[in-house]
Amino acid sequence: MSIKSILAKPFASRIYKKVQKWANNPIETQEKVFRNLISEASHTVFGKDHDFGNIKNHDDFVKRVPVRDYEGLKPYVDKVVVGEKDILWKGKPLYFAKTSGTTSGAKYIPITAESMPNHVNAARNAILLYIHETGNSKFVDGKMIFLQGSPILKEQNGVQLGRLSGIVAHYVPKYLQKNRLPSWETNCIEDWETKVDAVVEETLPENMTIISGIPSWVQMYFEKLQKKTGHKVGDIFKNFNLFIFGGVNYEPYRAKFENLIGRKVDSIELYPASEGFFAFQDKQNEKGMLLQLNSGMFYEFILAEEFFVKNPKRITIKDVEIGKNYVLIISTNAGLWAYNVGDTVIFTSTKPYRVIVSGRIKHFISAFGEHVIGKEVEHALKQATENTQVRINEFTVAPQISPNSGLPYHEWFIEFENEPESISTLAKSIDQALQQQNSYYLDLIVGKVLQPLKITVIQKNGFQNYMKSIGKLGGQNKIPRLANDRKIADALNTKIISK
């Protein structure tokens, strides 16, 4: 055992105690964050426009600051982008994290000197709390790979611009830099397939102990490793024992990953976004991720079922309930105010506050009033394939409102690694599992408004080919689990990648 791995344990213990201090005082911690945010931004253009000087509590904030998404905040962001100071937060941001937008094209999410450490420290703390819990620190002596976007940044009016994962790459601690892969040159490769091929070549001879990234793109890396060597990933990297992931639910990929690796490995789930690093898994045997209450972010929540009504109620953590589906609203020291991230979360615990990501408020199916969410389709698929040899590479779901014959239905587009003996039997199992979770969907099936779901089988690499065709292969891009329209569904069919 090296000095580095020995020292990791007392460091992990110290960080654990710091985390416990605020996690055990959640209400006071969030109140302090709230007061600091309002005070620090009171002299900004946004603060003056919204009378921050007279905001004393959350009720005052709700009266003065409406919930906005990026489109609503864009007039202020545009001023920041052209170089104006003291608009959303004091001074100018250090970076813009550039992300894919919808109606507005590219989105420019500000990252400030105050918010940047939160992105870095949360990822570090996730690993340290794992060390504290398990006592396993040997992996710090091996090589660690983080599949991410290019670290090459551009300058825009004095502010560095790039993908979040590329920005974070500049903040790897010195004590990890010798252990970190891929190399800077490989990380700068823009074409994702070329990049993954280069990563395979670089990592094959190394002692890989940690592998991290969005599951769908790590899967591509694993498949290329297996194809090149003919061996399981766990045999290639015998000391690989920790998988760190974020961006999507791991459960639909778990069976496929365990097959590719050849054994089970521990995993840590993260909840990072350009807008902030919201949560990370702090316990191996507890469901949910620890909400980061002391990271310069003030949280509000709106019940998902009420979100689209006029003036929905906004609550803070002291009023949330376990098991309910909430839209996540944030105000941050990067200058986002009552900002709708677009995600929905469910609390699994309030002592401490832990959440799971249940989906996207815009990614649901309610073409007939069923309001099926991402968590429900993922759970239904997991339940239907448990204790079977069926393995899923990727999937998405869309409504079929106008079939050639019969009642409308939900169409599931699934790319299998191992297909079931009977597609119709699997479809029936998924449908029954979905009915058990969603009473509205059950009522529509029983009432003969919908017929049971149908599965369209996608050819091998079909989803990758689709993502490549729209210029979103790799990086932080991911397939939505479900949509209330057929934009993706029709594209999949049009490109003839269905069987």
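Predicted, not measured: the structure shown is a model, and the values here were computed from it.

Cut-off values and rules
- Residues numbered from 1 in each chain as written.
- Predicted model: local features only at pLDDT ≥ 70, side-chain atom pairs only at ≥ 80, totals over all residues.
- Heavy atoms only, no water.
- Pairing = 2+ DSSP bridges.
- Helix = DSSP H or I, 4+ residues; strand = E, 2+ residues; numbered from the N terminus.
- Axes fitted to C-alpha atoms, helices over the stretch in contact; angles between N-to-C directions.
- Contact = heavy atoms within 4.5 Å.
- Core = buried A, V, L, I, M, F, W, Y, C linked by side-chain atoms within 4.5 Å.
- Buried < 20%, exposed > 50% of the residue type's maximum accessible area, 1.4 Å probe, protein only.
- pLDDT = per-residue confidence, 0-100.

## Considering the sheet that holds strand β4 (residues 154–156)
No. 1: With mixed pairing, the four strands of this open sheet are ordered in space as β2-β1-β5-β4. The sheet terminates laterally at β2 (107–111) and β4, the two strands that pair on one side only. With direction set aside, neighbouring strand axes in the sheet form an average angle of 35 degrees.
No. 2: One ladder, built from three bridges, connects strand β1 (residues 95–99) with strand β5 (residues 159–162); its direction is parallel. Within the sheet, the bridge partner assigned to F96 lies in β5 and is L161.
No. 3: Against the sheet, helix α5 (residues 70–81) touches β1, β2 and β4, its axis set at about 65 degrees to β2.

## Notes on the side chain of T203
No. 1: As for its position among the elements, T203 is in helix α10 (residues 192–203).
No. 2: Beyond its immediate stretch of four places on either side in the chain, T203 contacts I145, L181, M208, Y221, L225 and F237.

## Here we look at the sheet that holds strand β7 (residues 208–212)
No. 1: Within the open sheet, the 11 strands sit side by side as β6-β3-β7-β8-β9-β10-β11-β15-β14-β13-β12. Their pairing is mixed. The two strands at the open ends of the sheet, each matched to only one other strand, are β6 (180–181) and β12 (297–303).
No. 2: Looking at chain direction, strand β9 (residues 266–273) and strand β10 (residues 276–280) are connected through four bridges and run antiparallel. Residue pairing across strands places L270 opposite F280, the latter belonging to β10.

## Description of the nonpolar core
No. 1: Grouped together as the largest cluster of nonpolar side chains are 89 residues, with contacts concentrated most on F301 and W337.
No. 2: Sorting elements by how many residues they give to this core places helix α6 (residues 116–134) first, with nine residues.
No. 3: With sequence-adjacent residues up to four places away left out, F301 is seen in contact with L291, K313, R314, I315, T316, I317, V320, Y326, V327, L328, V345 and F347.
No. 4: Residues I145, I236, V265 and L473 belong to the second largest nonpolar core, which totals 41 residues.

## Some points on the pairing of β5
No. 1: Examined bridge by bridge, β4 and β5 share three bridges and lie antiparallel to one another. Note on β5: the bridge partner recorded for Q156 is V159.
No. 2: Hairpin connection from β4 to β5: two residues lie between these consecutive antiparallel strands, with N157 at a positive phi of about 50 degrees.

## Structural notes on the confidence of the model for the chain
Low pLDDT means the predicted coordinates in that region are not meant to be read closely.
No. 1: Residues at a pLDDT of 70 or more form 96% of the chain, whose mean pLDDT is 89.
No. 2: When mean pLDDT is compared element by element in the chain, helix α2 (residues 26–40) scores highest at 98, while helix α8 (residues 174–177) scores lowest at 68.

## Here's the deal with helix α17 (residues 462–469)
No. 1: Residues of α17 that are buried include every one of G462, F463, Q464, Y466 and M467, and no others.
No. 2: Just past α17, the residue G471 takes up positive phi, approximately 75 degrees.

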